[in-house]
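# Coordinate analysis (summary)
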Amino acid sequence: MIRVMICAAALTASAGAYAQGDGALPASTLITVTPNEEITSKKVEVGTRVSFSVVNDIVENGAVAIPRGSQVAGTISWKTGKAIGGKSGKFEVKFDSVNVRGRDYALRGVHRQEGKGNTAAALLGSILVSGRSAQMLPGQMANAFTAEPIPIFVARAAPAVPAAVATVAAAE
């Protein structure tokens, strides 16, 4: 019975590490993200899931609402490959959600990435030259927006184990 009380006290103490604050990060807050790996129109298809990381801490009222490095999920929503005559490849990424402390929150926004066309081939009407594939590299930034409020959690020091529980533990 004493061990149960000690375990319950320890769980209560550790649960206080984060406590929800009074506020929330409002919907439509700008979040800057970067891909976790190269995304290229050569390799993706519509429906492909892609992952990004939040570039900077998103702070509201002095508290970090979305920590830097939080994972963002996206989906390729449109794609064209490079084409003859200098046309470049293109794709669009739709931002779906951001994971904050183990919970997913909805995002909105679309980023369009285009490859470089071959202007000379387009001007000359060449059918032998094609444009370049679109690619997005880690470090390249894109913008997404929160689609719902995100609660702000403030880090709190874990409370000390009550003296009565420590005394019972010492007596055992």
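No experiment lies behind these values; they were computed from the predicted model shown. (Residues numbered from 1 in each chain as written. Predicted model: local features only at pLDDT ≥ 70, side-chain atom pairs only at ≥ 80, totals over all residues. Heavy atoms only, no water.)

It is worth spelling out the pairing of strand 6 (residues 63–66) at this point. Here strand 5 (residues 58–60) pairs with strand 6 via three bridges, running antiparallel. If you follow I58 over to strand 6, its bridge partner there is I66. Counting the residues in the hairpin turn of strand 5 and strand 6 gives two residues, including N61, whose phi is positive at 55°. (Pairing = 2+ DSSP bridges. Helix = DSSP H or I, 4+ residues; strand = E, 2+ residues; numbered from the N terminus.)

Okay, the packing of aromatic side chains next. For any two aromatic rings, the description comes down to two numbers: the centre-to-centre distance and the angle of the planes. This structure, assessed with the given rule, holds one aromatic pair. Taking 5.2 Å as the distance between ring centres and 75° as the angle between the ring planes, the aromatic pair formed by F52 and F95 counts as edge-to-face. In this pair, F52 is assigned in strand 4 (residues 49–54) and F95 in strand 8 (residues 90–100), connecting sequence segments 43 residues apart. Each member of the pair, F52 as well as F95, is classed as buried. (Phe/Tyr/Trp six-rings, centres within 6.5 Å; stacked < 30°, edge-to-face > 60°. Buried < 20%, exposed > 50% of the residue type's maximum accessible area, 1.4 Å probe, protein only.)

Attention shifts here to unusual backbone geometry. Unusually for a residue other than glycine, N61 sits at a positive phi of about 55°. Residue placement: N61 occurs in the loop between strand 5 and strand 6. Residue class for N61 comes out exposed when judged on its relative accessible area of 68%. With phi around 50°, R101 is a residue other than glycine that occupies positive phi space. Looking at where R101 falls in the secondary structure, it is placed in the loop between strand 8 and strand 9 (103–108).

Model confidence for the chain is summarised by a mean pLDDT of 80, while 66% of its residues fall at 70 or above. Counting contacts from residues 121–129, a segment whose pLDDT is below 50, to residues more than four positions away or on other chains yields 13 contacts. (pLDDT = per-residue confidence, 0-100. Contact = heavy atoms within 4.5 Å.)

Next up on the list: the environment of G23. Among the secondary structure elements, G23 is positioned in strand 1 (residues 18–25). In sequence terms G23 and N61 are 38 residues apart; their C-alpha atoms lie 8.1 Å from each other. Contacts of G23, omitting those with residues within four sequence positions, involve P151 and I152.

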